[in-house]
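Close look at the chain arrangement
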Amino acid sequence: MSFIEERQEQARQEEIYLNETEEELRMILELTIHRDREANFNEQRGHAAEELTTGDSNDPPLSEVAIEEMIRAQLTLGMRMTVYLR
């Protein structure tokens, strides 16, 4: 194998390595984002439930489903704003 062929092969191997590394990092980032969003959702859900238990006694209680829908709406709006601000 000539010097040029060796360098070309080395470049191919480096490209494969970089592509694999990029893919692994992208998966880690996506998992981290998903975990953080889930933790944020659970935290907001807990705050909403606490607020409901200490809220105005004249207000009718909300179901767990209603609480989740309100939080999801807030998260969706927040994600849209993040995309818009980029």
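Our structure's up above, just so we're on the same page.
Because the structure is predicted, anything quoted here is derived from the model rather than measured.

Once that is clear, we can look at the overall build of the protein chain. Check the secondary structure of the protein chain and you find 2 helices and 0 strands. Counting all 86 residues of the protein chain, 6% fall into the buried class. Carbon together with sulfur atoms contributes 56% to the accessible area of the protein chain, which is approximately 7900 Å² in total.

With that settled, the discussion passes to the side chain of Glu 68. Structurally, Glu 68 is set in helix H2 (residues 64–85). Residue class for Glu 68 comes out buried when judged on its relative accessible area of 18%. Side-chain polar atoms of Glu 68 contact the side chain of Arg 45, separated by 3.2 Å. When sequence neighbours within four positions are dropped, the list of residues in contact with Glu 68 reads Phe 41 and Arg 45.

Next up on the list: the pattern of salt bridges. Overall, the coordinates contain 6 salt bridges when judged by the stated rule. Between Asp 36 and Arg 35 there is a salt bridge; the shortest N-O distance is 3.6 Å. In this structure Asp 36 comes out as partly exposed when scored by relative accessible area, which is 42%. Residue Arg 35 is classed as exposed on the basis of its relative accessible area of 53%.

Calculation rules
Residues numbered from 1 in each chain as written. Predicted model: local features only at pLDDT ≥ 70, side-chain atom pairs only at ≥ 80, totals over all residues. Heavy atoms only, no water. Helix = DSSP H or I, 4+ residues; strand = E, 2+ residues; numbered from the N terminus. Buried < 20%, exposed > 50% of the residue type's maximum accessible area, 1.4 Å probe, protein only. Areas by Shrake-Rupley, 256 points an atom, 1.4 Å probe, with all protein chains shown as cover. Polar contact = N/O pair within 3.5 Å; in protein donor to acceptor, adjacent residues only side chain to side chain. Contact = heavy atoms within 4.5 Å. Salt bridge = Lys/Arg side-chain N within 4 Å of Asp/Glu carboxyl O.

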